[in-house]
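Overview (structure and organization)
These are the residues of each chain, in order.
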Amino acid sequence: MARADALTGAALRDSAVPDAGGWMLALKFARRELRGGIKGFRLFLVCLALGVAIIAAVGSVTAAALGGLERDAKGLLGGDLEFRLLYRPIDPAQLDFLAANGTVSETRDMRAMARADDGNRTLTELKAVDTAYPLYGTAQLNPPLDLQAALTNVDGRWGAVAERALVDRLGLAVGDSISVGSVEYELRGVIEREPDRGASVFILGPRLMIANASLEETGLVQEGSLIEYHYRLALPPDADPVSVSEDAKAEFPDALWRVRGLDEAAPSIRRFIDRTATYLTLVGLSTLLVGGVGVGNAVRAWLDGKISTIATLKCLGASQTLIYRIYLLLVAVMALVGIAIGIAIGAAAPFAIAGPLGDRYALNLEAAVYAEPLLLAAGCGFLVALAFSLFPLIRARSVPPGTLFRDLVQRMEVAPGSFDKLLLAAIVVALVLLATLTAGDQYLTLWFAGGTIVAFWLFQFAARGLKHLTQRLTETEGRRDGNAGSGRRRGPILRLALANISRPGAPTTSALLSLGLGLTVLLMVALVQANLERELVRSIPADAPAFYFIDIQGPQIDEFSTMVADHPGVAKMETEPMLRGRITIVDGVPADEIDPGEGAAWALRGDRGVTWSATPPEGTELLSGEWWPEDYAGENLVSIESGVGEGLGLEPGDTITVNVLGRPIEATIANLRIVDWTRLDINFVFVFSPGALEGAPSMHIATAQMDPALSADAAETQEIALQRAVTDRFPNVSAIRVKDAIAAVASILEGLTGAISLAALVTLASSLFVLAAAIAAQTHRRRYDAVVLKVLGATRRDIAKSFTIEYGLLGMAAAILALLLGHVAAWALVTFLLETPWSFDPAIALIIVVGGTLAAMVLGFLGTWRVLGTKAAPYLRNE
């Protein structure tokens, strides 16, 4: 020690004291400190690396996915441009225009029932392709076979290929027969990859692909059938897709087609990836902030172990600035090491997940190192490390040497100065800006930042309140014991635990912050997931229909209605005529110039269902306006679903134009009506007045509700029988089972919530590491306390019980506050962002409270058990 002090003094003298605060001298001392290893920084590195790893991994995988979308845009779109129409094919003149500009491929998509020879059947997404398909990319089949060869007519029999899910569902093998409509196809291959499959996230059935020339033979193509016609155009290398698109719109201004370019190759997948990445990034930021508490704990604990060194430096003439710079450099070096570990993990993520993600969305994700998300993650990590290290560094800089020597017994807290507060505020602002760039969704990120600041303040406030409460309880119990006499004293162990919480230097604040934030994130994710699952599955109304039947022809509707109504087990059925229409003009403004609200953007992305009726749908609740009389015969009126109407800024008296079958229908808005889509009844965004659409070649949609008195097995049997009876009699009718549709939605949410839940568990793991760091930071102080207590007569068991109770109380306080904050955050997300009903789940709340309390007790016990074996005499002699 004497030699070290001498060397230190020599270093300070050699530096010339006026320049002793220089960065070079600080770097010299920092290098000497690093020679002692990183033992005190292990938890620092773990906490920082976890948060940076999640943010870097999410950003890298997102970049890989979006890069794959851009790189494979032609394959995903199926061409350089796509022209899509509903109900009817393109006009000959329009087709000639496209053919004059490049190579054209026509595909037709619709839903149909696929049947096996044994009578088993299922809904399928039917795709009929021409001989030019695909213009870009290749269809991979098993066994390996050319797609056109697989679909061609051989000896009077057409071929078909299907996804594995369809093959398994119908129990088929290559070579078996599969029927669609009135045509029996031969299954010649299993689709391993469909080049343009990634255009949609949500699908109701597995893919079945047939030749375009065979579709008419099925009998499914009827006037008004819900068929999507896709015309993909492959342009010459020197052609400009934007110019061709503009020329097409100028040449055919009244064309019904919707034109998509490469920037819209897979919009639904892009939105899904962006939203998922935002949620995961915010969870990663939560992990990083929780880790920041651990960073602060680790720095504080490490500096506590350097008290004698800092005191010696100050006594030998080191300035506050020099002390600050030495240990700031050390923190910066350790932060860079932790960030490097996190970035390495994040950079490896695309290599690990590119295969599964590519298979799920038919994307060719090329694993690579993406610099931008890694730099953003590094910036977030460094700012968090700096922010949470600032106050321990300020304390080490500010306290006088004498206080440093006495700090083991009486800890002195130092208030930051004005410059320190400004620096911290600048770091917080920079972190919020960087988080906004990282997460993408600025609105949601700002709410997250505001909520995080509030959460930190509440946990800090709760910690101060808990300290004050336990201090008052300790004093009260002490006075009672003093007045009661030796024979009636009570609770010394509990009083000791309460005193430990309120004493100077206690880890109360850091323990509440670390464990509380981790539990808050986990609870929020669990509650959101539980509410979504309940909304999808448990909240299905008891009177919900079992089936939706679509593509019912007008001449078939009477026979269909009689057949379904008379089927055993059917309690109720409804039918409505249906067409599809696209919003073109909103109160005089073209739809493509509208900036819709969040609740209406989806209504402008494609065609929406429309119908007409003299009477309002059953259970209709009007938000504004009035319904027209049953015998109304005036100008066109329309009732609009309230979410879409308000999102478009409409109210009764305004006008809207909807293009239906090439005919623009302008109508005055009569009312906005509230639609409860969760009831699963037949309902539409647009309901027109009688006369507006009557006479148009429409199809019908129907629902069938089973008798609720039937048992589950009986209902299942009758549903299968109904499906077979309908599709046998009406091959063109598709039966959409409500349970299967909900399962399709649930599978999408399962992937989303599964990834977020995993990230939330990492956040909780980080919070436990932070709690462990807080406990480790108190090891020296706990050893001192244990020795003093032993000298005063306490047993090892008594001390262990007091420490366990102390951390149990801290865990319970953190869990209760997390319960409040987690519920508020989950409620806000479910109610305002996801727009679904909210319900409280007491089981999850109980698990969080009990689990958080037990976790704190176990960690507190394990972290302090080793100090209980310290022998008093040797320790006191060393002190």
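Since the structure is predicted, the reported quantities are computational estimates derived from the model, not experimental observations. (Residues numbered from 1 in each chain as written. Predicted model: local features only at pLDDT ≥ 70, side-chain atom pairs only at ≥ 80, totals over all residues. Heavy atoms only, no water.)

1. Observations concerning the overall build of the protein
The line we're drawing: Segments assigned H or I by DSSP are reported as helices when at least four residues long, segments assigned E as strands when at least two residues long, and all are numbered from the N terminus. The buried label goes to any residue with under 20% of its type's maximum accessible area, the exposed label to any with over 50%, and the partly exposed label to all in between, with areas taken from a 1.4 Å probe on protein chains only. In this analysis, two residues are considered to be in contact whenever any of their non-hydrogen atoms come within 4.5 Å of each other. Residue-level accessible areas treat just the shown protein chains as cover; the underlying method is Shrake-Rupley with a 1.4 Å probe.
When helices and strands are counted, the protein shows 25 helices and 21 strands. Per-residue burial over the protein gives 51% buried out of 879 residues. Considering only residue pairs separated by 6 or more positions, the protein has 83% of its internal contacts joining residues 24 or more positions apart. Surface accessibility of the protein: about 38900 Å² in total, with carbon and sulfur atoms responsible for 59%.

2. Observations regarding the side chain of Thr804
Along the chain, Thr804 turns up in helix α23 (residues 796-833). For Thr804, a relative accessible area of 15% gives the class buried. Once you skip the residues sitting within four places of it in the chain, Thr804 turns out to touch Met857 and Phe861.

3. Regarding the packing of helix α3 (residues 42-71) against helix α12 (residues 371-398)
Here is the rule: Fitted lines through C-alpha atoms serve as axes, helices being fitted only where they are in contact, and the angles separating the N-to-C directions of these axes extend from 0 to 180 degrees. For this classification, under 35 degrees means roughly parallel, over 145 means roughly antiparallel, 65 to 115 means roughly perpendicular, and everything else is oblique. Less than a right angle of anticlockwise turn of the near helix away from the far helix marks a crossing as left-handed, whereas a clockwise turn marks it as right-handed. Ten residues, namely Ala, Val, Leu, Ile, Met, Phe, Trp, Tyr, Cys and Pro, are considered nonpolar, four, namely Asp, Glu, Lys and Arg, are considered charged, and the remaining ones, Gly among them, are considered polar.
Interaxial distance between α3 and α12 falls to 8 Å at its minimum, and their mutual angle equals 155°. Classified by the angle between their axes, α3 and α12 sit roughly antiparallel to one another. Here α3 runs over α12; the crossing is right-handed. Packed against α3, whose contacting residues are Phe44, Leu48, Val52, Ile55, Ala56, Gly59, Ser60 and Ala63, the element α12 presents Pro373, Leu374, Ala377, Cys380, Gly381, Ala385 and Ser389 at the interface. Here the residues of the contact of α3 with α12 sort into 11 nonpolar, four polar and no charged.

4. Considerations on helix α8 (residues 241-251)
We apply this condition: What the arc describes is the spread of directions from the helix axis to the C-beta atoms.
Regarding α8, the residues found buried are Val244, Ser245 and Ala248. Buried residues in α8, looked at end-on, bunch into an arc of 100°, giving them a common side. Along α8, exposed side chains directed more than 90 degrees from the buried face belong to Glu246 and Ala250. Where α8 is buried, its residues meet β1 (81-86), α5 (92-101), β9 (228-234) and β10 (258-260).

5. Quick word on the confidence of the model for the protein
Keep this limit in mind: The score called pLDDT rates the predictor's confidence residue by residue, from a low of 0 to a high of 100.
In this model, the protein carries an average pLDDT of 81, and 84% of its residues clear a pLDDT of 70 or more. This model gives residues 1-21 a pLDDT under 50, and the stretch forms 27 contacts once residues within four places in sequence are excluded.

6. So, a nonpolar patch on the surface
Our working rule: Note on patches: the residues involved have over 30% relative accessible area and no salt bridge, like charges join within 9 Å, and the nonpolar side chains Val, Leu, Ile, Met, Phe, Trp and Tyr join within 5 Å. The term salt bridge refers to a side-chain nitrogen of Lys or Arg lying within 4 Å of a carboxyl oxygen of Asp or Glu.
A surface patch of nonpolar side chains, about 350 Å² in accessible area, is lined by Leu34, Val333, Val337, Ile341 and Ile345. The biggest single contributor to the nonpolar patch is helix α11 (residues 320-361), with four residues. Turning to its location among the elements, Ile345 is positioned in helix α11.

7. Considerations on the environment of Ala704
Note that Ala704 resides in strand β20 (residues 699-706). The spacing of Ala704 and Glu719 is 15 residues in sequence and 9.4 Å in space, taken between C-alpha atoms. Not counting the four nearest positions on each side in its chain, Ala704 is found in contact with Pro545, Ala546, Phe547, Phe549, Val564, Lys572, Met573 and Leu722.

8. Some remarks on the side chain of Ser389
Secondary-structure assignment places Ser389 in helix α12. On the basis of relative accessibility, which here comes to 0%, the residue Ser389 falls in the buried class. Apart from the residues lying within four places of it in its own chain, the contact partners of Ser389 are Phe44, Val295, Val299 and Val331.

9. As for the nonpolar core
Formally: Definition used in this section: a nonpolar core is a set of buried Ala, Val, Leu, Ile, Met, Phe, Trp, Tyr and Cys residues joined via side-chain atoms within 4.5 Å.
Of all hydrophobic cores here, the largest spans 100 residues; its most connected members are Phe44, Leu48, Leu303, Ile326 and Tyr327. With 15 residues, the top contributor of residues to this core is helix α17 (residues 508-538). Those residues in contact with Leu48 that lie beyond four places of it in its chain are Leu288, Val295, Ala335, Gly338, Ile339, Gly381 and Ala385. Ranked by size, the runner-up nonpolar core spans 51 residues in total, among them Leu98, Ala150, Leu151 and Val167.

10. Focus on a negative patch on the surface
Spelled out, the test is: Charged residues are defined here as Lys and Arg on the positive side and Asp and Glu on the negative side; His and the ends of the chain fall outside this count. Each charge is placed at NZ for Lys, CZ for Arg, CG for Asp and CD for Glu.
Taken together, the side chains of Asp240, Glu246, Asp247 and Glu251 present a region of like negative charge at the surface. Counting through the fold element by element, Asp247 comes out in helix α8. For Asp247, a relative accessible area of 45% translates into the label partly exposed.

11. Some thoughts on the packing of aromatic side chains
Spelled out, the test is: Aromatic rings from Phe, Tyr and Trp, with only the six-membered ring used for Trp, were paired whenever their centres fell within 6.5 Å, and each pair was classed as stacked if the ring planes differed by under 30 degrees, edge-to-face if by over 60, and tilted otherwise.
One pass over the full model with this rule turns up nine aromatic pairs. Taken together, a centroid distance of 5.7 Å and an interplanar angle of 85° make the contact between Phe252 and Trp257 edge-to-face. An identical accessibility class is assigned to Phe252 and Trp257; each is buried. In this structure an aromatic cluster arises from ring pairing among Phe83, Phe97, Phe252 and Trp257.

12. Examining the pattern of salt bridges
The tally for this structure, following the rule as stated, stands at 19 salt bridges. A salt bridge links Asp607 to Arg84; the nearest nitrogen and oxygen atoms lie 3.8 Å apart. Here Arg84 lies in strand β1 and Asp607 lies in the loop between β13 (589-590) and β14 (608-612), a separation of 523 residues in the sequence. Like Asp607, the residue Arg84 is buried in the burial classification. Among the salt bridges present, the one from Glu186 reaches Arg188, with a minimum N-O distance of 3.4 Å. Given a relative accessible area of 23%, Glu186 falls into the partly exposed group.

13. Structural notes on a positive patch on the surface
Together, Lys28, Arg31, Arg32 and Arg35 give the surface a local cluster of positive charge. With respect to the element layout, Lys28 can be found in helix α2 (residues 23-34).

14. Regarding helix α18 (residues 557-565)
By the burial criterion, the buried members of α18 are Ile557, Phe560, Ser561 and Val564. Burial along α18 is one-sided: seen end-on, the buried residues are contained in an arc of 100°. Tucked into the core, α18 has its buried residues touching β11 (547-552), β12 (570-586), β20 and α20 (712-729).

15. A short note on the pairing of β12
Short version of the rule: When DSSP locates at least two bridges between a pair of strands, those strands are taken to pair.
In the sheet, β12 pairs with β20 via eight bridges, with the strands oriented antiparallel. Considered in β20, the bridge of Met578 is made with Met699. Taken together, the three bridges between β12 and β14 define a ladder with antiparallel strand orientation. Bridging across to β14, Leu579 finds its partner in Val610. Relative to β13, β12 runs antiparallel, the two being bridged by two bridges. What sits directly across from Val586, in β13, is Val589. Where β12 folds back on β13, the antiparallel hairpin that results is connected by two residues, among which Asp587 adopts a positive phi of roughly 50°.

16. Considering unusual backbone geometry
Here the bond from Tyr133 into Pro134 is cis, since omega is -10°, no more than 30 degrees from zero. Examined against the element boundaries, Pro134 turns out to sit in the loop between β3 (121-129) and β4 (140-142). Cis geometry is adopted by the peptide bond preceding Pro143, which originates at Asn142 and carries an omega value of 5°. Here Pro143 lies in the loop between β4 and α6 (147-151). One non-glycine residue, Asp551, lies in positive phi territory at about 60°. Tracing the backbone shows Asp551 in strand β11.

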